[in-house]
Amino acid sequence: KDGITFEEIYALFLLDRNIRISVMDAMFDVEDHLRTATAHVIAEAFTADQNKYLDRKNYKLGNKVNDHGSYTIDAIFNKFTNILADNTQPVKHYREDYGNVPPWILLKEASFGNIVNFIKVQKGPQKRKIISLIYGFPVSLIASNADVYNMFMDTIFICLDYRNFSAHGGRIYNLSTKSTMRYNSIIHGFMDISEADYRNGKGITGLPVLCAALSMFEDRNIVIRLKAAIKYYYDDYLEKYPSNKEYL
């Protein structure tokens, strides 16, 4: 674009950096909620005994990951095995003093990606309970409404993409994530996006989709803080460069 100054480019960089920091902060909260809900449901279903809750038959296999008969669940359990053997606290304390690492301690050391993929291989009853805890919806609604289930699964993978891009300094303000939101009546109704609009590219990915997805969480503070931060930095940038509003 002709006539753009270095200062204007730098201001756009600062806008993106500030939004990236705000997104990362929101993803920390999402990760904490997912970790807590998953640990609670696992302990309730299979007890806090690691020999019981880490029984492979309690979970779906997931996708095949190689030609040696390994599946998603095996890759996740390999990560968990490494965590259980690690000398970081409090894992070491529980392993050495109690001979058992409960799920809420194990998952403290698991990455966002580990947690998201672990949720993916949960069987129906456990997965519905996790969704119920995150959204505050009754389990019966989730069991009878595929849109709720799909919205949740799409949301956590979109959040994972935003978390990874943010952590590695990726550009966020106009990011189109690899993970996308399938059309569903709940979130796209909330965004006032019709099926025709969706087919034309609206409501598939981007910060508006992330914010709408987080609006479904029972803890509304996450999205309230994120939207307030985006608006603050957006308005601050446009106060200096109002002609770039249409571009943004």
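Look above for the structure.
Residues numbered from 1 in each chain as written. Predicted model: local features only at pLDDT ≥ 70, side-chain atom pairs only at ≥ 80, totals over all residues. Heavy atoms only, no water.

The subject of this paragraph is helix H13 (residues 221-240). For H13, built from 20 residues, the straight-helix expectation of 28 Å at 1.5 Å per residue is met to within 8% by its first-to-last C-alpha distance of 29 Å. All of the buried residues in H13 are Ile 222, Val 223, Leu 226, Ala 229, Ile 230, Tyr 237 and Leu 238. In an axial view of H13, the angular spread of the buried residues amounts to 155°, which keeps them on one side of the axis. Opposite the packed face of H13, turned more than 90 degrees from it, sit the exposed residues Lys 231, Tyr 232 and Glu 239. Elements that come into contact with the buried residues of H13 comprise helix H1 (6-46) and helix H12 (207-214). (Helix = DSSP H or I, 4+ residues; strand = E, 2+ residues; numbered from the N terminus. Expected span 1.5 Å × (residues − 1). Buried < 20%, exposed > 50% of the residue type's maximum accessible area, 1.4 Å probe, protein only. Arc of directions from axis to C-beta. Contact = heavy atoms within 4.5 Å.)

So, on to the pattern of salt bridges. Evaluation of the coordinates by the stated rule reveals 10 salt bridges. Arg 20 serves as the salt-bridge partner of Asp 16, at 3.2 Å between the closest nitrogen and oxygen. Within this pair, Asp 16 and its partner Arg 20 are both found in helix H1, separated by four residues, close to a single helical turn. We classify Arg 20 as buried; its relative accessible area is 14%. One salt bridge connects Asp 154 with Arg 182, and the closest N-O pair in it is separated by 2.9 Å. (Salt bridge = Lys/Arg side-chain N within 4 Å of Asp/Glu carboxyl O.)

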